[in-house]
Amino acid sequence: MSRTEADAEPPAEPPTNPTEPPPADDHAFFGQPRGLLTLSGLEVWERFSFLGMQAILVLYFADSVANDGMGMDSGTAASVSAAYGTLVYLVSVAGGWLADRILGSYRAVLWGGILIACGHYSMAVPTATMTWVGLGLISAGTGLLKPNVASMVGKLYRTDDQRRDAGFALYYMGINIGAFAGPLITGWLGDHKGWHWGFSAAAIGMTFGLIQYVLGRRHLAGRKASAEFALPKDAMRRAVVLIVVGVVVFAALAALLAAVGWLTMDRFVDVLTVISVIAPVVYFTVMFRSPRVSTEERGRLRPYVVLFLASVVFNFILFQAYSTMILLASTNAETSILGFTFPASWYASALGAFEVALAPVVAAVWARMGPRQPHASNKIAFGVILGGLSFILMALPTSGHGDDSYKMAVWWIVGSYLLLGLGDILVETSGMSATTKLAPQAFASQTMALWFLSLALANGIQAQVVKLYGEVSNPAYFGVNGAIAVAAGVAVVLLAPWLRRTMHPVH
């Protein structure tokens, strides 16, 4: 799309400056700028497609080839699913840089959405090859889209606009509406029509999101063609050539190694795990040693490392809501309520539903407590503890059975997701806020990259640990992992006095 096409305005409305936030009197969407409706709508459909697909992905991997599945054992299915998540968040780090330096936020989100839609359409084709092609396209697309939509929401507001926090709350609710609706549709289609029908629904959902994003582009700030911190023309040309050549060489090398039998699925998962460990270590080392980071900022980085690790522990549990928990639900949980039978993947919708319901309650509690509310580090610690308890809870109904033919009541998994959803609200909101405040000024534009690296590392560790699922008993698997998370949360609570002293200006 050319610059002219991207910035074209319908004659009925005066054009807005694409580089500036809309005027302060733009209250068309529940008192918020109209652009928030466009971006929230995009996120509804992106989360609908991404989490709708992810809710059935592990079941598709684990299903037999005769049923159009991939025929993996449960541990391998969960591991490959986690490796896919690792790749998504590693690419997201690069996606933020591409938007800042080459594409610009609007185009990065647009092309990311197109890649995601193409990926889902590819997965709708019932062949193993197209499944892997589709997952690669979705990873690249999500890496472009995810880190840049939130930054576009921020550009809708001036710095002193009091509506900013409420706007992000509406945006966050849109994310969870998509997370709730996606597994309902894709899960029903996957269970009744076939897995590739579910992937088709995800593709159609992303297409709807793209259409409304393009139609609503006139309400978006920062949609100019060039990147905000664009590279000089010569440097940009070299960067594009290097990126294209690098992608081609990487794909050719991977294909060659796979053809000779060296690059197996297990090795690919292992490589992603190693990268997910190395990347944050390198990132933090660069920040600690950078001459552009002051002594005061370096002091704030130390407590952030603790919060970063707390995020890794919590998200290690959270991401299993779409892998081991779904596998457990498919084999050992009741899938009927009052005579109504539902797919096991519908359990994943409970997580989105709880977060939609609980987010405003939590916000109201903090507002009522005012300055008496817990410190940000304690909020994160409580979230990690809740995540651990959600797994410990699952150790109870899975214990004391002579074989694996038992069926637990619906409310066990629903209760686990309730704890997990509340924990997610505490960790994600406080963690993102702390990240933006504690990151050194010289790295301020890369704060999202830091957060995504914690998610990548959580998935990378998960990709290894979930291999034990099905190999050890369920009570041991959920109990031990849950206990480790609780211990990590308690450790952060014990570090609270030091964290409060060193995390200024975070309260």
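Analysis parameters
Residues numbered from 1 in each chain as written. Predicted model: local features only at pLDDT ≥ 70, side-chain atom pairs only at ≥ 80, totals over all residues. Heavy atoms only, no water. Helix = DSSP H or I, 4+ residues; strand = E, 2+ residues; numbered from the N terminus. Contact = heavy atoms within 4.5 Å. Areas by Shrake-Rupley, 256 points an atom, 1.4 Å probe, with all protein chains shown as cover. Bend = angle between axes of the 7 residues up to and from the residue. Polar contact = N/O pair within 3.5 Å; in protein donor to acceptor, adjacent residues only side chain to side chain. Core = buried A, V, L, I, M, F, W, Y, C linked by side-chain atoms within 4.5 Å. Buried < 20%, exposed > 50% of the residue type's maximum accessible area, 1.4 Å probe, protein only. Axes fitted to C-alpha atoms, helices over the stretch in contact; angles between N-to-C directions. Parallel < 35°, antiparallel > 145°, perpendicular 65-115°, else oblique. Left-handed = near helix turned anticlockwise from the far one by under 90°. Nonpolar A, V, L, I, M, F, W, Y, C, P; charged D, E, K, R; others polar. Phe/Tyr/Trp six-rings, centres within 6.5 Å; stacked < 30°, edge-to-face > 60°. Salt bridge = Lys/Arg side-chain N within 4 Å of Asp/Glu carboxyl O. pLDDT = per-residue confidence, 0-100. Patch = residues over 30% accessible without salt bridge, like charges linked within 9 Å, V, L, I, M, F, W, Y side chains within 5 Å. Expected span 1.5 Å × (residues − 1).

Secondary structure assignment for the protein chain yields 17 helices and two strands. Residue pairs in contact within the protein chain that sit at least 24 positions apart in sequence constitute 82% of those at least 6 positions apart. Split by element, the accessible area of the protein chain, about 21,800 Å² in all, is 68% carbon and sulfur.

Bringing helix α3 (residues 74–103) into the picture now. Taken as a whole, α3 carries its principal kink of about 30° at W97. Put simply, D73 is the residue that caps the front of α3, since its side-chain oxygen is 3.1 Å from the backbone nitrogen of G75. Once α3 ends, the next one or two residues include G104, with phi positive near 90°.

Okay, the nonpolar core next. Across soluble globular proteins, you tend to see nonpolar side chains buried next to one another. Core analysis: the biggest nonpolar cluster contains 95 residues, and M53, F61, Y347, I413 and Y417 have the highest contact counts within it. In terms of residues, this core owes the most to one element, helix α10 (residues 295–318), which gives 11 residues. When near neighbours in sequence (up to four residues on either side) are disregarded, Y347 contacts A329, A333, E334, T335, F342, V410, I413, V414 and Y417. L39, V149, M152 and M206 belong to the second largest nonpolar core, which has 21 residues in total.

Here the focus is the packing of helix α4 (residues 105–123) against helix α7 (residues 195–215). The N-to-C vectors of α4 and α7 enclose an angle of 160°; their axes lie 7 Å apart at closest approach. One finds that α4 runs roughly antiparallel with respect to α7. Along this stretch, α4 crosses α7, giving a crossing that reads as left-handed. Residue-level contacts link S105, Y106, V109, L110, G113, I114, I116, A117, H120, Y121 and M123 of α4 to H196, F199, A202, A203, I204, M206, T207, L210, Y213 and V214 of α7. Looking at the contact of α4 with α7 residue by residue, the class counts come to 16 nonpolar, five polar and no charged.

Within this structure, the stated rule accounts for 19 aromatic pairs. Here the aromatic rings of Y60 and F61 are separated by 5.9 Å at their centres, their planes lie at 35°, and the arrangement is tilted. With a centroid separation of 6.0 Å and an interplanar angle of 35°, the aromatic rings of F340 and W346 are classed as tilted. Residue classification places F340 among the partly exposed positions, given a relative accessible area of 47%. An aromatic cluster of three or more residues is present, and its members are Y60, F61, W132 and F199.

Let us look at the packing of helix α2 (residues 34–62) against helix α11 (residues 324–332). Packing of α2 against α11 brings their axes to within 9 Å, and their N-to-C directions diverge by 65°. Considering the relative orientation of α2 and α11, their crossing is right-handed. Between α2 and α11, the contacting residues are A55, V58, L59 and A62 on the first element and I326, L327 and S330 on the second. A breakdown of the residues in the contact of α2 with α11 according to their chemical character gives six nonpolar, one polar and no charged.

As for its placement among the helices and strands, M287 is situated in helix α9 (residues 265–289). Separated by 156 residues in sequence, M287 and F443 have C-alpha atoms that sit 7.9 Å apart. In contact with M287, not counting residues within four places along its chain, are V293, L301, P440, F443 and L450.

With that settled, the discussion passes to the pattern of salt bridges. All told, the structure shown has five salt bridges when counted by the stated rule. With a shortest N-O distance of 3.0 Å, D234 and R237 are connected by a salt bridge. One end of the pair is D234 and the other is R237, both in helix α8 (residues 233–259) and three residues apart, which spans about a single turn. Take R237: its relative accessible area is 54%, and that puts it in the exposed class.

Turning to the confidence of the model for the protein chain, a few remarks are in order. When pLDDT drops low, the exact placement of atoms in the prediction is not to be read closely. Of the residues in the protein chain, 88% have a pLDDT of 70 or more, and the chain-wide mean is 83. When pLDDT is averaged over each element of the protein chain, helix α16 (residues 474–494) comes out on top at 94 and helix α1 (residues 3–7) at the bottom at 37.

The next point concerns unusual backbone geometry. Positive phi is not limited to glycine here, since D68 has a value of about 70°. Within the fold, D68 resides in the loop between α2 and α3. Residue classification places D68 among the partly exposed positions, given a relative accessible area of 47%.

The grouping of Y121, I204, F208, I211 and L215 at the surface amounts to a nonpolar patch, some 500 Å² of accessible area in total. Note on placement: Y121 falls in helix α4.

Turning to the side chain of S105, a few remarks are in order. Relative to the assigned elements, S105 resides in helix α4. Beyond its immediate chain neighbours, meaning those up to four positions away, S105 contacts A99, N148, S151, M152, K155 and Y213.

Moving on to the environment of I413. When you line up the elements, I413 lands in helix α14 (residues 410–438). With a relative accessible area of 0%, I413 lands in the buried category. When neighbours within four sequence positions are excluded, I413 is seen to be in contact with M325, A329, A333, Y347, M394 and M408.

With that out of the way, let us pick up α4. An ideal rise of 1.5 Å per residue puts 27 Å on 19 residues; α4 measures up with 27 Å between its terminal C-alpha atoms. Burial within α4 is extensive, with 14 of its 19 residues counted as buried.

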